[in-house]
Amino acid sequence: MNVLAIDTSNQPMSVAVLKEGVMAAELTINMKRNHSIQVMPAVDYVMKQADLKPKDIQLIAIAEGPGSYTGLRIGMSSAKSLAWSLDIPIVAISSLKVLAAQVTDQDKLIAPFFDARRRNVYAGLYERTTTGIETIQSDRNVAMTDWLKVLKETNRDVIITSSTNHQFTDEIYDTLGQNVRLIDPVLQYPKASMLAYLAMSEESISVHALAPQYHRMVEAEAKWLEKQKER
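Numbering of residues starts from 1 in each chain and follows the order in which that chain's sequence is written. This being a predicted model, a pLDDT of at least 70 is required before a residue's local features are given, and a value of 80 or more before pairs of side-chain atoms are given or counted; all residues contribute to the totals for chains, interfaces and linings. Water and hydrogen atoms were dropped before computing side-chain values, which therefore reflect all heavy atoms in the structure.

K.L.:
Describe in detail the packing of aromatic side chains, supporting the description with residues and values.
P.N.:
Pairing of aromatic rings covers Phe, Tyr and Trp, the last through its six-membered ring, and needs centres within 6.5 Å; plane angles under 30 degrees mean stacked, over 60 mean edge-to-face, and all others mean tilted. Following the criterion strictly, the structure yields two aromatic pairs and no others. When the ring of Tyr69 is compared with that of Tyr214, the centres are 5.1 Å apart and the planes differ by 75 degrees; the resulting orientation is edge-to-face. In this pair, Tyr69 sits in helix H2 (residues 69-86) while Tyr214 sits in the loop between helix H6 (192-199) and helix H7 (219-230), placing the two residues 145 residues apart along the sequence. A residue is classified by how much of its surface remains accessible, and Tyr69, at 18% relative accessible area, is buried. Ring geometry for Phe113 and Phe168: centres 6.1 Å apart, planes at 70 degrees, overall edge-to-face. One end of the pair, Phe113, is in strand S6 (residues 109-117); the other, Phe168, is in the loop between strand S9 (158-161) and helix H5 (169-176), and 55 residues separate them in sequence. Each member of the pair, Phe113 as well as Phe168, is classed as buried. Only runs of H or I of at least four residues qualify as helices and only runs of E of at least two qualify as strands under DSSP, and these elements are numbered from the N terminus. Each residue is placed in one exposure class: buried if its accessible area under a 1.4 Å probe, protein chains only, is under 20% of its type's maximum, exposed if it is over 50%, and partly exposed if it falls in between.

K.L.:
Break down the packing of helix H4 (residues 144-153) against H5 for me, citing the residues and quoting the values.
P.N.:
Axes, fitted as lines to C-alpha atoms, cover a helix only where it is in contact. Angles between the N-to-C directions of the axes lie from 0 to 180 degrees. In contact at an axis separation of 10 Å, H4 and H5 are set at 35 degrees when each is read in the N-to-C sense. Handedness of the crossing formed by H4 with H5: right-handed. Every residue of H5 that contacts H4 at Met144, Thr145, Leu148, Leu151 and Lys152 is listed here: Glu171, Ile172, Thr175 and Leu176. Amino acids are sorted into nonpolar (Ala, Val, Leu, Ile, Met, Phe, Trp, Tyr, Cys and Pro), charged (Asp, Glu, Lys and Arg) and polar (every other residue, Gly among them). Of the residues assigned to the contact of H4 with H5, the class counts are five nonpolar, two polar and two charged. Less than a right angle of anticlockwise turn of the near helix away from the far helix marks a crossing as left-handed, whereas a clockwise turn marks it as right-handed. Every residue pair with non-hydrogen atoms within 4.5 Å of one another is taken to be in contact.

K.L.:
Just give me the short version of the nonpolar core, but keep the residues and values in it.
P.N.:
Only buried residues count toward a nonpolar core. Its members are Ala, Val, Leu, Ile, Met, Phe, Trp, Tyr and Cys residues joined through side-chain atoms within 4.5 Å. Judged by nonpolar contacts, the single largest core of 31 residues is most densely connected at Ile93 and Leu195. Setting aside residues up to four positions removed in sequence, Ile93 forms contacts with Ile62, Ala63, Glu64, Val98, Leu195, Leu198, Ala199 and Glu202. Formed by 26 residues, the second largest nonpolar core is a distinct cluster that contains Ile6, Met76, Ile90 and Val207.

K.L.:
Residues and numbers for H4, please.
P.N.:
Residues of H4 that are buried: Met144, Trp147, Leu148 and Leu151. With its buried residues spanning 100 degrees around the axis, H4 presents them on a single face. Residues of H4 that are buried sit in contact with S6, strand S7 (120-129), strand S8 (132-143), S9 and H5. In the segment just after H4, Asn155 is the residue with positive phi, at about 55 degrees. Along the arc lie the directions from the helix axis toward the C-beta atoms.

K.L.:
Residues and numbers for the sheet that holds S9, please.
P.N.:
Judged by pairing direction, the sheet is mixed, and its five strands sit side by side in the order S8-S7-S6-S9-S10 without closing on themselves. Only two strands of the sheet have a single partner each, and these edge strands are S8 and strand S10 (180-182). Between one strand and the next, the sheet's axes are offset by a mean angle of 20 degrees, whatever the strand orientation. As judged from the three bridges shared by S9 and S10, these two strands associate in the parallel manner. Each residue of the ladder has a partner; that of Val158, found in S10, is Val180. In this fold H4 packs onto S6, S7, S8 and S9, with an angle of close to 145 degrees to the strand it touches most, S8. Pairing between strands is defined by DSSP: at least two bridges between them are needed.

K.L.:
Just give me the short version of the side chain of Ser163, but keep the residues and values in it.
P.N.:
Residue position: Ser163 is located in the loop between S9 and H5. Given the relative accessible area of 9%, Ser163 is considered buried. With residues near it in sequence (within four places) discarded, Ser163 still touches Pro12, Leu99, Phe113, Phe114, Gln188, Tyr189 and Pro190.

K.L.:
Lay out the confidence of the model for the chain in plain terms, naming residues and giving numbers.
P.N.:
Here the chain averages 93 in pLDDT, while 94% of its residues score no lower than 70. For every residue, the predictor assigns a confidence score, pLDDT, that lies between 0 and 100. pLDDT under 50 marks residues 218-226. Its contacts with residues more than four places away, or in other chains, come to three contacts.

K.L.:
Let's hear about the packing of helix H1 (residues 35-49) against H2: which residues, and what values?
P.N.:
Axis separation between H1 and H2 bottoms out at 10 Å; the angle between their running directions is 35 degrees. Crossing geometry of H1 relative to H2 is assigned as right-handed. Of the residues in H2, those touching H1 at His35, Ser36, Val39 and Met40 are Gly71, Ile74, Ser78 and Leu82. Residue classes in the contact of H1 with H2 are distributed as four nonpolar, four polar and no charged.

Now the structure itself:
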């Protein structure tokens with residue numbers, strides 16, 4: 001199967017193509033740039049490197065979030081437009097699940113997170129089994145202090161990975177001690193090739209039903225609701 005995968009959910013942008021189920025080309029950029037001006041050129045680049053035409057793509061894979069509001073909207077709209085215009089299936093995968101799937105250790109919990117600011121994180125809990133990545137606790141927006149308590153209460157070894165800059169390293173070790181391992185920074189960036197592999201075993205979704213998974217209200221919506229309470 002030929003798969004095009006796009007992840008713009010956070011600062012790292014990753015685009016990849018699987019050709020007949022094998023990773024043929026991948027581009028990952030970890031710079032503070034506007035994804036809207038680089039995602040389609042990146043798609044064009046990996047397609048050319050894989051020697052594929054748009055008509056050759058059989059599946060679109062998109063990282064659905066959580067993550068940056070703007071990044072998610074850009075990636076989602078790009079992927080939906082491609083799927084609609086090419087009339088091919090599209091599959092959405094949790095951005096945190098993609099990060100967790102890059103960890104190969106078994107018999108340990110895998111806890112990917114993204115910094116959500118104000119000492120909150122987008123976090124989920126996964127485990128690698130003989131059949132793939134299993135979701136242990138669903139993705140959520142949570143205070144990091146509370147999330148670390150959840151991880152501590154599992155009484156299991158935990159591997160933590162995050163592709164966003166954060167200030168939680170000392171707190172992680174203070175809370176979890178010898179039961180935690182942080183993935184090396186160079187191994188923490190999302191790979192669209194992993195997103196593509198995960199998508200091949202998932203059910204597609206209607207383009208019209210697909211939407212980013214923010215796991216938090218946008219600021220404007222939150223302010224509007226707060227004003228309604230005051231009336």
